[in-house]
Amino acid sequence: MADPSSYRPKPGQIPDSPGVYKFRDEHRRVIYVGKAKNLRQRLANYFQDLAALHPRTRTMVTTAASVEWTVVSTEVEALQLEYSWIKEFDPRFNVKYRDDKSYPYLAVTLGEEFPRVQVMRGAKKKGVRYFGPYGHAWAIRETVDLMLRVFPVRTCSAGVFKNAARTGRPCLLGYIGKCSAPCVGRVTPEEHRELADDFCDFMAGRTGTYIRRLEKDMMAAAEDMEYERAARLRDDVEALKRAMEKSAVVLADATDADLIAVAEDELEAAVQIFHVRGGRVRGQRGWVTDKVENVDTSGLVEHALQQLYGEETGDSVPKEVLVPALPEDPDAVSQWLAGRRGSQVSLRIPQRGDKKDLMATVQRNALQALGLHKTKRASDLTTRSRALEEIAQALGLDTAPLRIECFDISHLQGDDVVASMVVFEDGLARKSEYRRFQIKGFEGQDDVRSMHEVIGRRFKRYLQEKERTGEWEETPAPTGPVPAPQDAGTVPGTAPATAPGTAPGPDTIAPGPGTAGPGTTVPGPDSTAPAPGTIAPGPDLTVPDPDAEPREDDGRPKRFAYPPQLVVVDGGQPQVAAAKRALDELGIDDIAVCGLAKRLEEVWLPDDDDPVVLPRSSEGLYLLQRVRDEAHRFAITYQRAKRAKRIRSSPLDAVAGLGETRKQALIKHFGSVKKLKQATIDEICEVPGIGRRTAESVAVALASAAPATPAVNTATGEIIEEDDGGSTT
């Protein structure tokens with residue numbers, strides 16, 4: 001535990017300007033990011049008597065080993081920089097809201113020639129218009145089914161669409177009038193896009209125009225005695241009204257607003273958001289988070305606004321945002337929201353009328369969500385703590401293993417051998433630190449040897465990090481070659497300049513003595529700062545190879561920088577012995593190792609002839625099983641993907657400079673690799689984009705390719721001919 005006074009900045013060193021600050025731990029990892037109108041006043045609060053600090057703040061400052069800050073010009077810039085740093089560094093002591101599930105959206109792919117209506121989850125894509133989020137996917141499908149009567153937009157996948165176009169026959173929806181069948185040319189692309197635009201307009205809240213138009217057409221058809229058409233239009237009107245009833249009117253003035261409510265206790269907070277468009281509730285979502293920092297309702301609201309609108313632009317940010325409490329600096333937050341939207345945004349607390357009543361409804365939802373979360377996880381924190389204590393007691397560890405890493409080997413009869421590493425911290429999966437490996441040292445099936453290689457590679461990288469930071473003082477055993485530390489000839493305090501055209505990272509320009517102008521970063525007394533006038537390197541945005549040299553320290557979570565307290569391997573005594581031998585060869589003796597055998601769920605320890613048998617009802621055994629099963633899932637998923645990629649490989653992959661577009665052009669021109677192999681060089685040159693040199697390379701590659709093993713239909717026993725880009729169907 002660090003003493004905050006050991007890294008407290010000197011008096012007068014901290015400016016009284018707006019800025020953003022970050023605390024780093026002993027490994028130089030950023031653990032907390034904050035902003036302030038006055039950096040001097042805010043940072044002084046962290047260095048008072050520890051007994052006067054909030055317990056969470058006290059934990060943070062005693063975990064930290066240094067503090068740095070960046071001065072900015074305005075409070076809006078501070079808000080933007082704080083959000084970007086939280087996204088970049090993922091600090092452990094910052095409140096981060098995470099969706100309790102992946103909410104489905106109703107999406108219209110306007111970027112395609114024939115737009116498609118479908119249910120989408122996950123990250124938003126360019127060229128797609130989204131409506132929602134919705135609580136359930138079935139709610140979207142019910143709404144779409146009703147609206148397809150009036151707006152028969154395409155809903156099929158690309159494969160179904162192409163197959164219908166090839167055969168000249170539409171799908172079932174085309175026959176029953178719920179699709180305009182653009183695949184067979186019943187409507188032109190322009191007419192289909194007009195249908196999609198009308199669908200989007202209706203979903204956006206402009207409903208009255210279409211209903212009035214349909215009712216007018218219905219009356220006209222009745223007057224002309226076209227009773228069948230009039231009946232169909234009547235049914236269309238009823239369908240649209242039923243679709244509208246699914247989102248009741250809550251605000252009579254056709255308001256576009258988001259209402260945010262917060263329910264909290266000492267440990268956790270729940271946030272609920274209602275998306276109101278055109279006076280109707282068009283979507284709802286919620287988050288639950290642990291309060292890892294000392295934050296009040298205003299702070300929770302500000303964090304929620306950053307999470308909700310940090311990646312949104314345009315109409316995705318509504319004109320009005322209603323909150324239960326204003327952030328610390330509402331003007332700065334309003335300006336930031338206006339910048340995201342491109343026009344003015346009103347941020348306020350509803351005081352009376354329908355909006356206040358609706359806010360009360362959102363608040364009740366937040367309270368219910370927190371209560372439900374508490375019910376499901378009332379014993380979860382206690383259970384996780386008990387599980388870690390049981391593991392520590394069973395394995396004879398001095399402390400509970402707060403970080404557990406588990407390794408598993410996967411292959412198919414010795415082919416495509418891969419390994420996985422999963423990480424659990426405080427009993428919960430930390431998927432951002434999962435890693436996967438390809439076995440490089442040998443070929444064939446040998447789980448023990450594979451485990452030895454993977455453990456060695458993982459902890460060699462750990463030792464590289466310790467050497468680079470000066471933490472590794474002992475000389476490792478010679479059997480495990482560890483790369484030498486970085487060249488000591490570098491001039492202390494200097495750093496290479498950024499490449500031309502690249503943007504510097506957050507630590508932009510270090511000021512000279514006594515200066516702290518806008519856009520500068522001032523490190524704390526224990527942190528390493530660049531020399532005055534030099535430019536520090538920006539963050540490396542590339543993803544290095546697992547066995548490559550570690551990149552420069554930038555405070556982000558590294559791939560292998562942090563050691564676990566416990567290594568778990570999927571297997572029994574041989575795998576455990578291999579893992580322990582790999583650690584011994586590297587001179588590492590402070591990391592515990594165990595294995596979990598599948599057959600009897602026995603826990604094996606190094607150098608023990610008998611396993612440790614945990615009770616079947618043990619929470620510790622349950623946690624080890626979860627860790628082991630997650631490693632197995634992650635490994636087998638990677639192995640299957642690698643095998644599928646190999647199976648889909650084509651002889652054309654060996655042609656240098658032949659990209660995917662020209663491969664597809666060749667297959668499309670000739671129909672299959674088999675026919676392409678029979679073509680002459682002159683015939684290959686006829687394909688657009690293929691020159692003579694490339695054609696010669698293609699011919700040589702196909703001529704030297706080994707004949708593919710024929711695929712067999714296991715149901716009928718017949719051989720399936722190769723008819724596509726090198727794969728069998």
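Calculation rules
- Each residue is numbered by its place in its chain's sequence as written, counting from 1.
- At least 70 in pLDDT is required for a residue's local features to be given in this predicted model, at least 80 for side-chain atom pairs to be given and counted, and no such filter applies to totals for whole chains, interfaces and linings, which use all residues.
- As a rule here, side-chain values come from all non-hydrogen atoms in the structure, and water together with hydrogens is ignored.
- Put simply, DSSP marks the helices as runs of H or I at least four residues long and the strands as runs of E at least two long, and each gets a number from the N terminus on.
- Only protein chains enter the area calculation, which uses a 1.4 Å probe; residues under 20% of their type maximum are buried, those over 50% are exposed, and those in between are partly exposed.
- The pairing criterion is simple: DSSP has to find at least two bridges between the two strands.
- Between the N-to-C directions of two axes lies an angle of 0 to 180 degrees, each axis being a line fitted to C-alpha atoms and, for a helix, fitted only over the stretch in contact.
- Contacts are assigned to residue pairs that have any heavy atoms within 4.5 Å of one another.
- For patch detection, residues must exceed 30% relative accessible area and be free of salt bridges, and they are connected within 9 Å for like charges or within 5 Å for nonpolar side chains (Val, Leu, Ile, Met, Phe, Trp, Tyr).
- With residues, only the protein chains shown are counted as cover, and all accessible areas are computed by Shrake-Rupley using a 1.4 Å probe.
- We define a salt bridge as a side-chain nitrogen of Lys or Arg found within 4 Å of a carboxyl oxygen belonging to Asp or Glu.
- Only four residue types enter the tally: Lys and Arg on the positive side, Asp and Glu on the negative side; His and the chain ends are excluded.
- Working definition for charges: the position is that of NZ of Lys, CZ of Arg, CG of Asp or CD of Glu.
- Each angle receives one of four descriptions, namely roughly parallel if under 35 degrees, roughly antiparallel if over 145, roughly perpendicular if within 65 to 115, and oblique otherwise.
- Asp, Glu, Lys and Arg are counted as charged, while Ala, Val, Leu, Ile, Met, Phe, Trp, Tyr, Cys and Pro are counted as nonpolar; the rest, among them Gly, fall into the polar class.
- In this analysis, rings of Phe, Tyr and Trp, with Trp reduced to its six-membered ring, are considered paired at centre separations within 6.5 Å, and the interplanar angle assigns stacked below 30 degrees, edge-to-face beyond 60, and tilted for intermediate values.
- Charge over a ring is defined by NZ of Lys or CZ of Arg lying within 6 Å of the ring centre and within 35 degrees of the ring normal.

## Quick notes on unusual backbone geometry
Positive phi, normally seen in glycine, also occurs at Met-225, with a value near 60°. Within the element layout of this structure, Met-225 appears in the loop between α8 (208-223) and α9 (227-245). Located in the positive-phi region is Asp-426, a residue other than glycine, with phi close to 55°. Relative to the elements of secondary structure, Asp-426 occurs in the loop between β14 (415-425) and β15 (428-429). Given a relative accessible area of 40%, Asp-426 falls into the partly exposed group.

## Points about the pairing of strand β10 (residues 280-290)
Judged by how many residues are buried, β10 sits mostly within the fold: eight of 11 residues are covered. Sheet topology places strand β9 (residues 268-277) next to β10; 10 bridges connect them, and they run antiparallel. By the bridge assignment for β10, Gln-272 is matched with Gly-286. Here β9 folds back onto β10, and the loop between the two strands holds two residues, one of which, Gly-278, carries a positive phi near 65°.

## Quick notes on the sheet that holds strand β6 (residues 117-120)
Strands sit in the order β6-β5-β7 across an open sheet of three strands; the sheet is antiparallel. A strand with exactly one partner marks an edge of an open sheet, and here the two such strands are β6 and β7 (129-131). Sheet twist, expressed as the mean angle between neighbouring strand axes with direction ignored, is 35°. As judged from the four bridges shared by strand β5 (residues 105-108) and β6, these two strands associate in the antiparallel manner. Note on β6: the bridge partner recorded for Val-108 is Val-117. Helix α7 (residues 189-203) rests against β5, β6 and β7 of the sheet, and its axis sits at about 150° to β5.

## Looking at a negative patch on the surface
A cluster of acidic residues, Glu-113, Glu-190, Glu-191, Glu-194 and Asp-197, forms a negative patch at the surface. Counting through the fold element by element, Glu-191 comes out in helix α7.

## With respect to the environment of Gly-620
You can see Gly-620 is positioned in helix α16 (residues 619-647). By relative accessible area, which is 0% here, Gly-620 ends up buried. Sequence spacing of Gly-620 and Ala-387 is 233 residues, and the spatial spacing of their C-alpha atoms is 4.0 Å. Setting aside residues no more than four positions away along its own chain, Gly-620 makes contact with Ala-387, Glu-390, Ile-391 and Leu-614.

## A short note on the packing of helix α10 (residues 297-309) against helix α11 (residues 330-341)
At their nearest, the axes of α10 and α11 sit 12 Å apart, and the two run at 10° to each other. Considering the angle they form, α10 stands roughly parallel to α11. Residues Glu-302, Leu-305, Gln-306 and Tyr-309 of α10 pack against Val-333, Trp-336, Leu-337 and Arg-340 of α11. Residues of the contact of α10 with α11, tallied by class, amount to five nonpolar, one polar and two charged.

## Topic: the packing of aromatic side chains
Pairs of aromatic rings are described using the distance from one ring centre to the other and the angle between the two planes. According to the stated counting rule, one finds 14 aromatic pairs in the structure shown. Ring centres of Tyr-21 and Phe-23 lie 6.1 Å apart, and the angle between their planes is 90°; this geometry places the pair in the edge-to-face category. With respect to class, Tyr-21 is no different from Phe-23; both count as buried. Between Tyr-434 and Phe-634, the ring centres sit 5.1 Å apart and the planes meet at 65°, which makes this aromatic pair edge-to-face. Of this pair, Tyr-434 sits in the loop between β15 and β16 (435-438) while Phe-634 sits in helix α16, placing them 200 residues apart in sequence. Of the two residues, Tyr-434 and Phe-634, neither departs from the other in class, the shared state being buried. These aromatic residues form a ring-pair network of at least three members: Tyr-7, Tyr-21, Phe-23, Tyr-32, Tyr-46 and Phe-47. Over the ring of Trp-85 we find Lys-22, and its NZ or CZ is 4.1 Å from the ring centre. The side chain of Arg-458 reaches across the aromatic face of Phe-459, ending 4.6 Å from its centre.

## Digging into the pattern of salt bridges
The tally for this structure, following the rule as stated, stands at 25 salt bridges. Note that Glu-302 is salt-bridged to Lys-35, the shortest N-O span being 2.8 Å. Remark: Lys-35 occurs in strand β2 (residues 30-36) and Glu-302 occurs in helix α10; sequence separation between them is 267 residues. Accessibility classification places Glu-302 together with Lys-35 in one group, the buried group. Close ionic contact of Arg-633 with Glu-630 constitutes a salt bridge, the shortest N to O distance being 2.8 Å. Separated by three residues within a single helix, Arg-633 and Glu-630 lie in helix α16, roughly one turn from each other. Residue Glu-630 is classed as buried on the basis of its relative accessible area, which comes to 14%. Overlapping salt bridges bring together Asp-90, Arg-403, Glu-405, Glu-425, Arg-430, Glu-433 and Arg-458 as one network.

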